[in-house]
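Per-entry structural report
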Amino acid sequence: DFEHEAARAAQRRRGGAAAGSAAAAAAAAAGLFAAFQVLPPVAGAPPSAPTPAAALALLHRLASDPAIKHVVTSHGWSVGLLSEMPPEGRVGVSAVCVLGFNVNRGQEISLRLRTDDYRGFRKYLRIRETLVHELAHMVHSEHDAHFKALNSQLLREVALHETASEAGGRTLAAAGVFDSSWLGEDEPDAQAAAGAGAA
């Protein structure tokens with residue numbers, strides 16, 4: 001539900017545009033992602049739940065992913081804070097299930113790293129796809145046709161960068177819209193819920 005996502009983002013934006021500019025300046029000075037923040041240990045989480053240190057390592061992996069670095073650098077973006085958000089709602093099942101959000105065009109990008117039951121992390125490629133989605137919000141706030149076009153472009157850039165890296169720097173440009181179906185789903189019910197109109 002995009003309205004719920006927009007309301008959450010608006011609630012977190014209370015820091016104002018000046019704070020966003022300061023965070024962007026700090027990010028530019030320190031690198032593409034200036035700071036990282038994870039959830040504290042969760043009371044009642046299963047013993048197998050990933051530790052905050054593991055979550056931090058995952059955020060660092062995302063920030064240092066060569067395809068992500070390529071996209072962020074080529075568009076001249078920087079992110080003040082890359083953070084972990086709690087897994088609220090069930091992926092592919094709940095009417096409201098936010099996978100990430102972008103505050104003030106890069107002041108903070110927060111991602112849902114953990115599975116619904118806290119027993120592990122979501123699939124890396126799905127988290128990275130959410131990060132790309134949030135990077136598209138660096139330009140377009142609304143989920144309109146302009147946003148969707150940029151999101152598809154960024155996903156193509158990620159895929160082309162990886163193809164070029166695997167081919168030793170040589171690639172052919174792909175045409176059309178990026179097909180993310182090869183990434184798989186996090187939850188077995190996700191495709192069924194999507195077909196039933198869940199957002």
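You'll find the structure just up there.
Below, the structure is looked at part by part. (Residues numbered from 1 in each chain as written. Predicted model: local features only at pLDDT ≥ 70, side-chain atom pairs only at ≥ 80, totals over all residues. Heavy atoms only, no water.)

1. A word on the packing of aromatic side chains
- Tallied over the entire structure, the rule returns zero aromatic pairs.
- Seen from the ring of Tyr 124, Arg 61 lies directly overhead, with NZ or CZ sitting 3.6 Å from the centre. (Phe/Tyr/Trp six-rings, centres within 6.5 Å; stacked < 30°, edge-to-face > 60°. Lys NZ or Arg CZ within 6 Å of the ring centre and 35° of its normal.)

2. Regarding the nonpolar core
- Judged by nonpolar contacts, the single largest core of 28 residues is most densely connected at Leu 62, Leu 82, Leu 111, Leu 113, Leu 131, Leu 135 and Leu 154.
- The set of elements that each furnish at least two residues to this core consists of α3 (52-64), α4 (66-74), β2 (79-85), β4 (108-112), α5 (124-136) and α6 (145-166).
- If you tally residues by element for this core, the top one is α5, at six residues. (Core = buried A, V, L, I, M, F, W, Y, C linked by side-chain atoms within 4.5 Å. Buried < 20%, exposed > 50% of the residue type's maximum accessible area, 1.4 Å probe, protein only. Helix = DSSP H or I, 4+ residues; strand = E, 2+ residues; numbered from the N terminus.)

3. As for the side chain of Glu 157
- When you line up the elements, Glu 157 lands in helix α6.
- Despite being buried, Glu 157 has no salt bridge partner; Arg 156 is the closest side chain of opposite charge, sitting 7.1 Å away.
- Within polar-contact distance, the side chain of Glu 157 engages the side chain of His 75 at 2.9 Å.
- Residues contacting Glu 157, with those up to four places away along its chain left out, are His 70, Val 71, Ser 74 and His 75. (Lys, Arg positive; Asp, Glu negative; His and termini not counted. Salt bridge = Lys/Arg side-chain N within 4 Å of Asp/Glu carboxyl O. Polar contact = N/O pair within 3.5 Å; in protein donor to acceptor, adjacent residues only side chain to side chain. Contact = heavy atoms within 4.5 Å.)

4. As for the pairing of strand β3 (residues 100-103)
- The alternating pattern of β3 places Gly 100 and Asn 102 and Phe 101 and Val 103 on opposite faces, both of which are buried.
- The sheet contact formed by β3 and β4 spans four bridges and is antiparallel. Opposite Val 103, over in β4, you have Glu 108 as the bridge partner.
- Between the antiparallel neighbours β3 and β4 lie four residues, among them Asn 104 with a positive phi of about 50°. (Pairing = 2+ DSSP bridges.)

5. Some details on α4
- The complete set of buried residues in α4 reads Ala 67, Ile 68, Val 71 and Val 72. Viewed along the axis of α4, the buried residues span an arc of 130°, placing them on a single side of the element. The exposed residues of α4 that point more than 90 degrees off its buried face are Pro 66 and Thr 73.
- Considering only its buried residues, α4 is in contact with β1 (33-37), α3, α5 and α6.
- By the N-cap criterion, in which a side-chain oxygen at the helix start approaches the backbone nitrogen of a residue two or three places on, α4 is capped by Asp 65, the distance to Ala 67 being 2.9 Å. (Arc of directions from axis to C-beta.)

6. Structural notes on the packing of α4 against α6
- Running from N to C, α4 and α6 point in directions that differ by 125°, and their axes come no closer than 9 Å. Viewed along their axes, α4 and α6 adopt a mutual orientation that is oblique. Once α4 is placed against α6, the crossing between them reads as right-handed. Here α4 contributes Pro 66, Ala 67, His 70, Val 71 and Ser 74 to the contact with α6, which in turn contributes Leu 154, Glu 157, Val 158, His 161 and Glu 162.
- Here the contact of α4 with α6 is composed, by residue class, of five nonpolar, three polar and two charged. (Axes fitted to C-alpha atoms, helices over the stretch in contact; angles between N-to-C directions. Parallel < 35°, antiparallel > 145°, perpendicular 65-115°, else oblique. Left-handed = near helix turned anticlockwise from the far one by under 90°. Nonpolar A, V, L, I, M, F, W, Y, C, P; charged D, E, K, R; others polar.)

7. A word on unusual backbone geometry
- Look at Arg 105: it is not a glycine, yet its phi comes out positive at around 50°.
- Note on placement: Arg 105 falls in the loop between β3 and β4.
- Of note in this structure, Tyr 118 is not a glycine but carries a positive phi near 65°.
- As for its position among the elements, Tyr 118 is in the loop between β4 and α5.

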